[in-house]
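Inside the fold
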Amino acid sequence: ATINGGDSGVSDGGDIVIGSGRSDQGRSGKVTILSHSSEKGSSESVSLLTGYSKLNSGDVLLRSGDAGMASGSVLISAGSGSETGGSVVVSTLPAKSASGKSVVFSSFGDVVLSTSGDDAHKSGSGSLQLSSGSTIHSSSGSVLLRTGDSAFSAGSFHMKPGASNDGLGGAVEIVGGDSKFNGGGLVNVHGGAGQEGGDVAVRGGDGAILGGDISLRSGFSPRRSGSISFSTADSEAGIVGDLRLQA
């Protein structure tokens, strides 16, 4: 069945409004849009899209209604399956003559990205991967994780893996990218700039029996391994910082 709004040759086309019944005392009715089940084949898709335009196509807006107390949530989830659950993919498409638009997650509250495990089947939780897309003819995009600016104190950035009761705690590994025909990527860790530069502190973890070690090692090469350099920066006033090694 097809439901169409009225056509117009010189003005706007007609709207289509699908609404549930209102209630003065209880809840309003639900609106459910679904494709029917199939016993032997696959169920069909449900598509929400705006029409094509030579200028600008329309937006697709999914939002809950306003409320005097707590407004409703917007939930987007894929179905479960006996073998594999469905995926949720949020993406933009490239333009013919320019770059594609961004995917923006914003909130007046927190933005939480997390995976979950299946306690009933004793399975591990899923991985969380943030990556830019691959490309052949140009440079791939960057991944930038940062907190917002503030006139007072900017927020901190924490990278911390999960704890464990019986096994080892999770590791943090920061590795520069590989290159087949050129130099590998740089890993650069430095404090922020200011009237006083920010410190960089590297320390092993505390332990009830044994504290964690700190290992500095240059990279291996069949021809020449890398060097390890310790140096303080120059100063226009002629007073340079100390280099201290203390047991």
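Up top you'll find the structure we're talking about.
Scope of this entry: the structure provided in the associated data block. Keep in mind it's a predicted model, so treat the numbers as computed, not measured. (Residues numbered from 1 in each chain as written. Predicted model: local features only at pLDDT ≥ 70, side-chain atom pairs only at ≥ 80, totals over all residues. Heavy atoms only, no water.)

Points about the overall build of the protein chain
Worth spelling out the cut-off: Each helix is a run of DSSP H or I of at least 4 residues and each strand a run of E of at least 2, with the numbering of both proceeding from the N terminus. Radius of gyration here uses only the C-alpha atoms, and the compact-globule reference equals 2.2 Å multiplied by the residue count raised to the power 0.38. Burial classes follow relative accessibility: with a 1.4 Å probe on protein chains only, a residue under 20% of its type's maximum area counts as buried, one over 50% as exposed, and anything between as partly exposed. By definition, residues are in contact when any of their heavy atoms lie within 4.5 Å. A 1.4 Å probe and the Shrake-Rupley method give the accessible areas. Residues count as covered only by the protein chains that appear here.
Looking only at helices and strands, the protein chain features 0 helices and 0 strands. The C-alpha radius of gyration of the protein chain comes to 28 Å, more than 25% above the 18 Å expected for a compact globule of 247 residues. Across its three principal directions, the C-alpha atoms of the protein chain cover 80 × 50 × 50 Å. For the protein chain, the proportion of its 247 residues judged to be buried stands at 1%. Restricting the contact set of the protein chain to residue pairs at least 6 apart, pairs at least 24 apart contribute 0%. Accessible surface computed for the protein chain: about 25,000 Å², of which carbon and sulfur atoms make up 48%.

Focus on the pattern of salt bridges
Rules: We define a salt bridge as a side-chain nitrogen of Lys or Arg found within 4 Å of a carboxyl oxygen belonging to Asp or Glu.
Using the criterion set out here, one finds 4 salt bridges in the structure. Ionic pairing is found between R146 and D149, a salt bridge with its closest N-O pair at 2.7 Å. Considered together, R146 and D149 belong to a single accessibility category, that of exposed residues. Across the pair D242 and R244 runs a salt bridge whose closest N-O atoms are separated by 3.3 Å. When its relative accessible area of 55% is taken as the criterion, D242 is described as exposed.

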